[in-house]
Structure formats: structure tokens, C-alpha cells
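Summary of structural features
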Amino acid sequence: CEGPGVCRRGRKDMALRCAAWLAAGRQPPCPRLPRPGREGTVRWSSAAKASAVKINEKASREKILTLESMNPQVKAVEYAVRGPIVLKAGEIEKELRKGIKKPFTEVIKANIGDAHAMGQRPITFLRQVVALCTYPNLLDSPSFPEDAKKRARRILQGCGGNSLGSYSASQGINCIREDVASYIERRDGGVPADPDNIYLTTGASDGIATILKILVSGGGKSRTGVMIPIPQYPLYSAAISELDAIQVNYYLDEENCWALDVNELRRSLNEAKAYCNPKVLCIINPGNPTGQVQNRKCIEDVIHFAWEEKLFLLADEVYQDNVYSEGCQFHSFKKILYEMGPEYYNNVELASFHSTSKGYMGECGYRGGYMEVINLHPEIKGQLVKLLSVRLCPPVSGQAAMDIVVNPPIPGEESYSQFIKEKESVLNNLAKKAKLTEDMFNKVPGIHCNPLQGAMYAFPRIFIPSKAIEEAKVHKMAPDMFYCMKLLEETGICVVPGSGFGQREGSYHFRMTILPPVEKLKILLEKVKDFHIKFLEKYA
């Protein structure tokens, strides 16, 4: 072998292959060359190596899919909850595993509402039913209670071949949709619910994205505008970007515990009419990331506004079980809409969403959820089912988990006492942590935290000195991203900057989950306090 392109055996294919292997830094596979362990070493000149790289570059053609040629709507999508800060946290975790010394021993991921990852124990009854559905041989086991077996048999009878491994109808298993409708009726004090208006989904996110997809149309000034709260859960801005719809911001009132003001809705709508066609209004109640719980009067005002302006209402109600503050109560939009009378109830188009991922269940991984859609045009109903059928069906195990959320043990059943004990323990613990977080943050100079009325996050406002803002600009970061990155690098605590959720110009926040166990949460809050004080001292 005389170098790339010159093979003693006279084979062109071997010469090219030889060059490619060399360019990759590997031993060429020619049988004439010495192997490791044999005598002799092949030495290549720098010219030979350069030639090999050149040949290899010629062999590699230009990629079809590049940042320039990809779908621009996908490129515009941003999802802060799993964004740059989380990627950096992953890198730090790898470094810790390699033994690289840090000022901390672990990364605490307080960026996402993943209850079980934070140590919350699963609800026994839910796991029992899903286990029985997954492995029906367990139905003969005396280790499982009869009320769990009864529910598992009913779910399996609704599955093709009595197996959780079969596809379901695109709208979901019929008996589970019936259970969802019964749950809604009980929750809303007898307000009727039709199983035909229930669609089981892959978490609430899937339902929200599907409804938005069917709502977006038009071009130019007639392009659909979607009104979303600021701060918002980044699913909304991401879905709007992907669909090339128009994001229309309305601001929650931070000075009034993140309340929703209809005058702000009207301002936002009227301004948006100049450049798009606003026809969707999204509400998150209880709020994410802000944790406010809307009162009845607020919901009535929103429904009247939607009716008056002919807006399609989306009610994200996945935190409906997570209400902690005294005097606060969850009211579903469906219930209030019904109680406002037939003029509203028969006309306002409403899609409301729920999930297995939040509440007291915290079953994020099952990806179970549902949406109820009322007052939909009959022809659009068919179009919605068609759109859902493209993805075949939501995960059937997630559907089973959702069934237990809406059809839990009732008084008199074998599993009721354990179930209610576990449920109340989770919710009482969250209420305790919500108050602890609020109180501890409000003792720190330069941090203000509104009451955590519900959900599972704190969204404190932080003071960032002008010197830190200038340094953030040098690093081409938003000031709160700079703050959160410093917090991660110095303490190992991963939170999400408020800029990822949206905030008023000149204000800065971060979102932090309250899910860690109480003792760990106390340590986390103390670390944030110490960091913030040092941060102010450094940049003041």
C-alpha cells in the first residue's frame, strides 16, 4: 500500500475504502497491511492523509434536510420546560457521574411537574387495575382486591380480543368514555355529559394540539389568532408556532394574584383584529405556571366575553384536583356555562381537558387524558374523528389509567379506605409545600411570590440588577436565563426562566415545581435564598 488511491493489489475499490477508513482515524482493512500484534507499522505521510480526507469529502453528498431546508414552523417551535437549561443540567449530571467535582453532589430537576420522578408514590388502586389489565392472569390472584378486578374485567371487555395490546377506537374505548361522562356529571353536580362528546387523548397536550389544528385556517389578516395567557404553559406557544397561527397575548394581573381581567382580554382582542382573526381563547385553570384559581365571577365574565365575541373556548383544567388556598374552589367552565342558561350553554363552543399526569395521581408516563367538546358543528365532529384516526388511538394503557382517575373506589368498596388515605395524603402534602414555598420565598430580599392557590409550581418574581442584565447581554441570554443558568451551575438546582413562559417587559421570574419531598424542598429553598443573596451582592 503506497497511500490513499494507490493500492498494491491494484484495486480501486480498496483504495477508496482505505482512504475512507484512514480519514475516520481507523486502520485500513487491507490484508497486506500489518495488524495490531504483528510486526511493522504503516506510516502515512501528511500528504497521504490530506488526500484521504479529500476523497472522503467527495464521497459524502450534501444533506437533503438542513436547517435551511427544514420546515420553518418546526424551527420556530420553542419549549422552555425542556429547553437549554435542562440540556445543561443533563451535561452536569454526566460530569458528576464521571467524578468531576462540583459545589454540589446532585442536580435537582425542579423544572417539570413530574411527580413520581420527585419521589411521589403511585396510587395503589390505579396501579393494581392497570397491572391486572396488562397481565390478566393476575385476575386469579388473591393478592388483588375484587373492586380492582371488577374494573379491570370491564376495561378488558372493551378491548379487542380482551387485550390491552389491541388498538381501540380512535375516540377511545367506549366504556371508558362512559365513565368519563359519569365523572363529569358527578363533578358538576348533575350537569349532563354525553360520552359521544368525550375523546380520549395522549395526555391533555394531544387534545389541545388536535383542537388547535382543526381551528387554524386563513391567511394574512384572516389567519387564525389564538389568545393565550401570559405567563402561559409553553405547549400553547409551541403548537401555535408549529401551525403557523398567530399568537395573541393577554396578560394576567400579577399585582392581583395573577387574576384574569376581562378588560385586558378586550384590549388584546381589539389590538389583534388589526393583523389577524382572533377566534380561539385559551384559559388555564388552575394556572400554570402561576398557580391562581379562578373564582366563579371571573369564569362567568370570560364565558360572556367568548359568547359576545364569538370565540371558541379552550379550558385547560388538568390541575382541577390541585387547589390549596382557603376560600378557593375549582369551578369547571362546563358547569358554569350550563348554569348561565341555554343562550350560553347551547351556543358557546367549549373544549375542556383533563389528564392522568397531574392532580394526586402524577401518572405522567401513561400519557392518559381526555377532552370534552361541546356545541361542535355535526360536520366538524366527523372531521375531528377523522383527524384523530390518523394517529390510530391513544395508548390503551393510558386509557385504562384515565378510567381509574374518573372511576375510583367508592365508599363501601374494599379499596376505598386505602385509596382515600393515599389521595388525601398527596394533596395535603402539596398544600403544605405550597405554603412553605410561598413563605420562604417572601422572606428573601429581591424575591416576591404570590400565594400558590393551586397547581404545583411557584412563579416568583426576582429582582435582577442592571449589572447582571448587562452581563447577560454579553452572553446573548435573557436576564432570567442568565440567572437560572448561574443558579444551576452554582447549586445544581434546575428551574425554568420566566422568559420561557412569557412575562411583562422588564419583569423577571422563574418557575419551580413544589413536588420534591418536604425536607428536600426546604434544602432547595435555602439554597435558592443563599444564591440569590450572593447574586445581588455580586451584581448590585
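Each residue is numbered by its place in its chain's sequence as written, counting from 1. Restriction of local features to residues with pLDDT of at least 70 applies here, the model being predicted, together with a cutoff of 80 or more for giving and counting side-chain atom pairs; totals for whole chains, interfaces and linings are based on all residues. Excluded from the side-chain calculations are hydrogens and water; all other atoms, namely the structure's heavy atoms, are used.

Going by an unreviewed UniProt entry, the protein chain carries the name alanine transaminase and comes from Cochlearius cochlearius. UniProt positions are given in the numbering used here, feature names are shortened, and annotations may be inferred rather than shown by experiment. UniProt, in its Sequence similarities (unreviewed entry) section for the protein chain, records the words "Belongs to the class-I pyridoxal-phosphate-dependent aminotransferase family. Alanine aminotransferase subfamily." You can read under Cofactor (unreviewed entry) in the UniProt record for the protein chain the words "pyridoxal 5'-phosphate".

The next subject is the overall build of the protein chain. Comment: elements are numbered from the N terminus, with helices defined as DSSP H or I runs of at least four residues and strands as E runs of at least two. Secondary structure assignment for the protein chain yields 19 helices and 14 strands. Each residue's exposure class comes from its accessible area (1.4 Å probe, protein chains only) as a fraction of the maximum for that residue type: buried when under 20%, exposed when over 50%, partly exposed otherwise. Expressed as a percentage of its 540 residues, the buried residues of the protein chain come to 51%. Contact definition: two residues touch when any of their heavy atoms are within 4.5 Å. Counting contacts in the protein chain only where the partners sit at least 6 residues apart, residues at least 24 apart contribute 69% of the total. With residues, only the protein chains shown are counted as cover, and all accessible areas are computed by Shrake-Rupley using a 1.4 Å probe. Roughly 25500 Å² of accessible area belongs to the protein chain as shown, and the carbon and sulfur atoms make up 51% of that amount.

Disulfide: a pair of cysteine sulfur atoms within 2.5 Å of each other. Under the criterion given, the structure shown has zero disulfides. Here Cys159 is not cross-linked by a disulfide; its sulfur's nearest cysteine counterpart is in Cys133, at 6.8 Å. The thiol sulfur of Cys328 is not disulfide-bonded, and the nearest other cysteine sulfur, from Cys257, lies at 7.4 Å. Among the residues examined, Cys328 registers a relative accessible area of 22% and is labelled partly exposed.

Another point: helix H16 (residues 416-441). Three- or four-residue spacings in an α-helix give side chains the same orientation, since the helix completes a turn every 3.6 residues. Working rule for helices: expected span equals 1.5 Å times residues minus one. An ideal rise of 1.5 Å per residue puts 38 Å on 26 residues; H16 measures up with 38 Å between its terminal C-alpha atoms. All buried positions along H16 are accounted for by Phe419, Glu422, Val426, Leu427, Leu430, Lys433, Ala434, Leu436, Thr437, Glu438, Met440 and Phe441. Lining the buried residues of H16 we find helix H5 (124-134), strand S9 (447-448), strand S10 (457-458), strand S14 (510-513) and helix H19 (518-539).

By secondary structure assignment, the location of Asn450 is in the loop between S9 and S10. What Asn450 contacts, discounting residues up to four positions off in sequence, is Glu254, Cys257, Trp258 and Glu438.

Moving on, we come to the sheet that holds S10. What holds strands together in a sheet is hydrogen bonding between their backbones, with the strands either parallel or antiparallel. At least two DSSP bridges between two strands are needed for those strands to be called paired. Strands sit in the order S10-S14-S13 across an open sheet of three strands; the sheet is antiparallel. Since the sheet does not close on itself, it has two edges, and those belong to S10 and strand S13 (496-497), each with one partner. Judged from the two bridges that link them, S10 and S14 form a sheet pairing that is antiparallel. Residue pairing for S14: Ala458 is matched across the bridge by Met512.

Moving on, we come to the sheet that holds strand S8 (residues 368-374). The seven strands lie next to each other as S2-S8-S7-S6-S5-S3-S4, forming an open sheet whose pairing is mixed. Where the open sheet ends on each side, the last strands, each with one partner, are strand S2 (198-202) and strand S4 (246-251). Within this sheet the neighbouring strands show an average axis-to-axis angle of 25 degrees, counted without direction. Relative to strand S6 (residues 312-316), strand S5 (residues 277-284) is paired through five bridges, and the arrangement is parallel. Within the sheet, the bridge partner assigned to Cys282 lies in S6 and is Leu314. In this analysis, axes come from line fits to C-alpha atoms, helices being fitted only over the stretch in contact, and the angle between any two N-to-C directions falls in the range 0 to 180 degrees.

This part takes up the environment of Leu427. Take Leu427: it is sitting in helix H16. Those residues in contact with Leu427, other than ones at most four positions away along the chain, are Asp321, Asn322, Tyr324, Gly359 and Tyr360.

What follows concerns the pattern of salt bridges. Throughout this description, the term salt bridge denotes a Lys or Arg side-chain nitrogen within 4 Å of a carboxyl oxygen of Asp or Glu. All chains considered together, the criterion is met by 26 salt bridges. Residue Arg187 is joined to Asp188 by a salt bridge in which the shortest nitrogen-to-oxygen separation is 2.9 Å. Residue classification places Arg187 among the partly exposed positions, given a relative accessible area of 23%. Overlapping salt bridges, with partners in common, bring together Arg296, Glu300, Lys335 and Glu339 in one network.

The next point concerns unusual backbone geometry. Of note, the bond from Asn285 into Pro286 is cis; its omega dihedral lies within 30 degrees of zero at -10 degrees. Tracing the backbone through its elements, the reader meets Pro286 in the loop between S5 and helix H11 (296-309). Across the junction of Asn288 and Pro289, the peptide omega takes the value 20 degrees, indicating a cis bond. Inspection of the secondary structure puts Pro289 in the loop between S5 and H11.

Moving on to the packing of H16 against H19. Contact geometry of H16 with H19 gives a least axis separation of 11 Å together with a crossing angle of 15 degrees. As summarised for this structure, H16 and H19 are arranged roughly parallel, according to the angle between their axes. Taken as a pair, H16 and H19 cross one another with a handedness that is right-handed. On H19, the residues that touch Asn429, Lys433, Leu436, Thr437, Met440 and Phe441 of H16 are Val518, Leu521, Lys522, Leu525, Glu526 and Val528. Here the residues of the contact of H16 with H19 sort into seven nonpolar, two polar and three charged. Geometric relationships in this document are graded by angle, where less than 35 degrees denotes roughly parallel, more than 145 denotes roughly antiparallel, 65 to 115 denotes roughly perpendicular, and other angles denote oblique. By convention, the crossing between two helices is left-handed when the near helix turns anticlockwise from the far helix through less than a right angle, and right-handed when the turn is clockwise. Residue classes follow a fixed rule: Ala, Val, Leu, Ile, Met, Phe, Trp, Tyr, Cys and Pro count as nonpolar, while Asp, Glu, Lys and Arg count as charged, and any other residue, Gly among them, counts as polar.

Here we come to the nonpolar core. With 123 residues, the main nonpolar core has Ile211, Leu314, Tyr370, Phe441, Phe510 and Met512 as its most contacted residues. Each of domain 1 (73-107 + 418-539) and domain 2 (124-406) contributes no fewer than three residues to this core. Counting residues in hydrophobic clusters, the runner-up holds 34 residues, among them Tyr250, Leu260, Ala306 and Leu313. To form a nonpolar core, buried Ala, Val, Leu, Ile, Met, Phe, Trp, Tyr and Cys residues must be joined to one another through side-chain atoms within 4.5 Å. An automatic or database domain assignment is the source of the domain bounds shown.

This brings us to the pairing of S2. With four of its five residues buried, S2 lies for the most part within the structure. Examined bridge by bridge, S2 and S8 share five bridges and lie antiparallel to one another. Within S8, the residue paired with Leu200 across the bridge is Tyr370.

Note that Glu264 resides in helix H10 (residues 262-272). Distance in space between the C-alpha atoms of Glu264 and Tyr250 is 6.3 Å, their sequence separation being 14 residues. Contact partners of Glu264, with chain neighbours within four places excluded, come to Tyr250, Tyr251 and Arg504.

A few words on the environment of Lys109. Along the chain, Lys109 turns up in strand S1 (residues 108-109). Lys109 sits in the partly exposed class, given a relative accessible area of 31%. A sequence separation of 386 residues divides Lys109 from Val495, and the C-alpha atoms of the two residues are 7.0 Å apart. Residues in contact with Lys109, not counting those within four places in the same chain, are Ala89, Glu93, Met118 and Cys494. Reaching out from Lys109, the side chain makes a polar contact with the side chain of Glu93 at a distance of 3.2 Å. Here a polar contact means two N or O atoms within 3.5 Å. Within protein one must be a hydrogen donor candidate and the other an acceptor candidate, and residues neighboring in sequence count only if both atoms are side-chain atoms.

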